[in-house]
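Here is what each chain is made of, one letter per residue.
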Amino acid sequence: MSLDRRDVLRFGATAAAAATVPLGLGEPASAAPRGPSGAGDHARIVAAYRELQVGVGRPSLRRDRAVAALDKVALAYDAAMDVTGDQLWADLPTGPGSTYFPTMYYRLRTIAVDWATPGSALSGRPGLPERLVTALTTLYRTQYNEGTPEMGNWYSYEIGVPYWLLQIVVALGDHLPAADRERVLRPVLRFVADPNHRTNTPGLVETGANRADKALITVVSGALAQDPARVAAGLAAVTDVAGHGAADLTRRSTEGDGYRTDGSFIQHEVVPYPGHYGLVLLSAIAALTHVTAATGTQLPPPVREMFEAAVTEVYAPFLFAGSMMEPVRGRMLSRQGETGHDAGHQFIAAVVLLARTAAEPARSRLASLAARWIDEGTWAPYLDVADLGRYSGGLQPVGVPEVEFAERLTSAPRAVTAAAVREHRVFPQMDRMVHTTPGWSASLGTGSRRICRYESINGMNLHGWYTGDGVLYTFLPGRQGHYSDAYWPTVDATLLPGTTEKDATPPTLLPDPPRTTTAYAGGVRFDDAHGAHGLDFVSQDGTLSARKSWFFTPDAVICLGAAITDASGAPVRTAIENRNLGERGAARLLVDGRPDRALPGTPVAVPDARWLHLEGTAGYVLLDGPRRQPLTLLREDRTGSWLGIDTGANTHGTAERYTRRYQKIVLDHGVRPAAASYAYAVLPGASADRTRRACGRWHVLANTEKVQSARLDGQLTAASFFTAGGVERVRVSGAAAMMWGRTAHGWTFALSDPTQTQDTVRVTVEGAGHRVRHADPSVTVVATHPRLVVDIEVAGSFGGTHTFTTA
């Protein structure tokens, strides 16, 4: 992957010096160590892994606060721990296959790490190491040993608990007698016997994040066990030497888990996951590079460089003000200890760790990026560690080591980074996109035959019914905490912005991530500032259908809906907005310039509004003209708990009740609509005056079941063709997302196949005088007179954009 001008502008001057690393398909780069590891290498690996738990003791005020935050949790866990019997904590039952035993190890890990951290509250406590050894021995005897059968979630036995156990062992160091260390390591060696395969499912090859986790566990446990072959096997698993590269973590593919050729990241075959499993993979690789640095078993430079390059290609587009965007976080939306900011922090921590071992110029590039992202996040500052008690053993929180590493890395002089600029990225292989402007950003959550509507397993994401039905997420610099501030426990998840749904009992959550019955989901990139995206929507029960489009511009998103039809008998509505205003939000709502004075909790019907403005959030312009649908406005306080959306044994949130105020703006389509439609524009961050002046600015050219199109600014037209059809002077032979308009180089046309099912799409442009002066290799000119006809080969492009320019 090479960095282009947009990378330099968006990610800073140092990006220009990034190593050019190809991430395409090809032979795997061997990750075999240069030679057998010895006792010296093993000791360095163990010491480095201990650093990742307790840090290096670099003093600072922020480190002191991080230690205090760890103390608060560790002291409580230690005070509640009873090592005189088999049940260490009164609220965590013991027994074979206990679903609570991962939490037991997590709590013990927290105590052990606090004890091993210099200057902590437990660091000088007499007798604590002996208590920890006793507790560890009890857990080995009662919960997790080499004879334990896997019961329940395989992950707990093969990844989750091995991590916590290894961290306990390295934290205790010499305070854990050699015989005890050898004994408690036995289950790790058994349950992670081969990092390439699932232990409880012989023949199942590990992929993506799971493979990366097992590679790191294998290397660290191998070093602890003084087993050179095991260390080598962990390193070789990164590029799947045993499988001849089939599950190589550096490989870009067009199927399966892991990195895709367009920068997407998939886990569980159908779930977009750069914001969780992708982070887990990157974090494991960063840790692996750290623990093997300066040893004979480190990853080869080309392999490390591939992951360093993925930072900007895969992950950074979805980072906003230190927070990871919601559409790429899957079921983890419901975890109290894994908000978008927590996920963003884990990404930054991984980048910092990668930078520590990177060669120049990548080191300076990554350090500069990390510094910028840390500076941007003001709602939940990366370096201000607090509230660690909400973590239950899922995502690794930022702690003492992460603060120390970041402060040291970013304290050195670095290149000045540029302000955010416009960027439009499409990730068709995971049905996702990102639109970034200097003032706001946006992304869509959609699903198709290829990508699931939602994922809800292991008691998580219990309100995830509609998160893949066309949710329009908008992100504002002045409202950085919107999605992290108890949003998912309190929002009315049946009315997510951008979705068209029934006012009825939500569908049953399915354990197998459900996909839709339609293929059209995706879009086209015209330039840095414009894109068009469409969705052929069908509800999970099949009764409601609609055609939906979003056209992105530098200051607005044009939203069209058509062919809205439902036979269920329930009222159907489209949510224009459902904004979290905070605990007692008082943001003013204007309707055609007049304040909405409705009492909280009282819905108000508005029959014929032209524009609305929500203070501090956005403006909204209705584009239907005389056919405008009636609106319902409602400001309401909503209360919920994290436990209400996540009941997983080891991930669940607390029962604490949170109340947040929301502003709803809803279009009503009535009961049993047939071919209903809507058209509106969202102007994120706009003032009331700018919203008012936007009325009449955009012209809807078509809004039917066949085509949705609008004329935007500057002679630019956007269209979603769901079938063959035409708009203005342009016709297409099949389904397509398309934009065209005059540029400095002539008339430019951009097209993609959102269905990813066609071989060729023919484009006909009426009018004489068209001469193709530039075209992608996929474009073939068929005729130039009396009209321009081109064939675009879309087969094999997996929804990618194709362009041609005429004189």
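Refer to the structure presented above.
Here's what I pulled together on the structure shown here.

1. Side note on the pairing of strand β7 (residues 432–436)
With 5 of 5 residues buried, β7 is to be regarded as a mostly interior element. Side chains Arg 432, Val 434 and Thr 436 of β7 all project onto a buried face; the interleaved residues Met 433 and His 435 project onto the opposite face, where all are buried too. Pairing geometry for strand β6 (residues 423–427) and β7, over 5 bridges, is antiparallel. Bridged to His 424 within β7 is His 435. Following β6, the chain reverses through 4 residues before pairing antiparallel with β7; Asp 431 in that reversal takes a positive phi of roughly 55°. Bridge analysis of β7 against strand β8 (residues 441–446) gives 3 bridges, and the strand direction is antiparallel. The partner of Thr 436 across the bridge, within β8, is Ser 441.

2. A closer look at the pairing of strand β12 (residues 530–538)
Counting buried positions along β12 yields 9 of 9 residues, so the element is predominantly enclosed. The side-chain alternation of β12 yields two buried faces, one formed by His 530, Ala 532, Gly 534, Asp 536 and Val 538 and the other by Gly 531, His 533, Leu 535 and Phe 537. Where strand β11 (residues 521–527) lies against β12, 6 bridges are found, and the strand directions are antiparallel. Bridge pairing in β12 links Arg 525 to Gly 531.

3. Focus: the side chain of Asp 71
Summarising the element assignment, Asp 71 is placed in helix α3 (residues 61–80). The side chain of Asp 71 sits in the buried core without any salt bridge; Arg 63 is the nearest counter-charge, 8.7 Å away. Within the local environment of Asp 71, its side chain forms a polar contact with the backbone nitrogen of Ala 121, the two atoms lying 3.0 Å apart. Apart from the residues lying within four places of it in its own chain, the contact partners of Asp 71 are Asp 114, Ser 120 and Ala 121.

4. Concerning the pattern of salt bridges
In a structure, side chains of opposite charge can pair up when their charged atoms sit close to one another. Taken as a whole and assessed by the stated rule, the structure comprises 42 salt bridges. Salt-bridge contacts for Arg 62 lead to Asp 384; the nearest nitrogen and oxygen are separated by 3.4 Å. You can see Arg 62 sitting in helix α3 and its partner Asp 384 sitting in the loop between α13 (362–376) and α14 (400–411), a full 322 residues away along the chain. You can call Arg 62 partly exposed: its relative accessible area is 33%. When its relative accessible area of 34% is taken as the criterion, Asp 384 is described as partly exposed. Here Asp 689 and Arg 692 are joined by a salt bridge, their closest N and O atoms 2.6 Å apart. Placement of the pair is Asp 689 and Arg 692 together in helix α16 (residues 688–693), with a separation of 3 residues, close to one helical turn. The exposure class assigned to Asp 689 is partly exposed, which follows from its relative accessible area of 36%. For Arg 692, a relative accessible area of 43% puts it in the partly exposed group. Each of Glu 158, Arg 198, Glu 206 and Lys 214 takes part in a single network of salt bridges with overlapping partners.

Calculation notes
- Residues numbered from 1 in each chain as written.
- Predicted model: local features only at pLDDT ≥ 70, side-chain atom pairs only at ≥ 80, totals over all residues.
- Heavy atoms only, no water.
- Buried < 20%, exposed > 50% of the residue type's maximum accessible area, 1.4 Å probe, protein only.
- Helix = DSSP H or I, 4+ residues; strand = E, 2+ residues; numbered from the N terminus.
- Pairing = 2+ DSSP bridges.
- Lys, Arg positive; Asp, Glu negative; His and termini not counted.
- Salt bridge = Lys/Arg side-chain N within 4 Å of Asp/Glu carboxyl O.
- Polar contact = N/O pair within 3.5 Å; in protein donor to acceptor, adjacent residues only side chain to side chain.
- Contact = heavy atoms within 4.5 Å.

Note that every value here comes from positions in space, so none of it alone points to a role or purpose.
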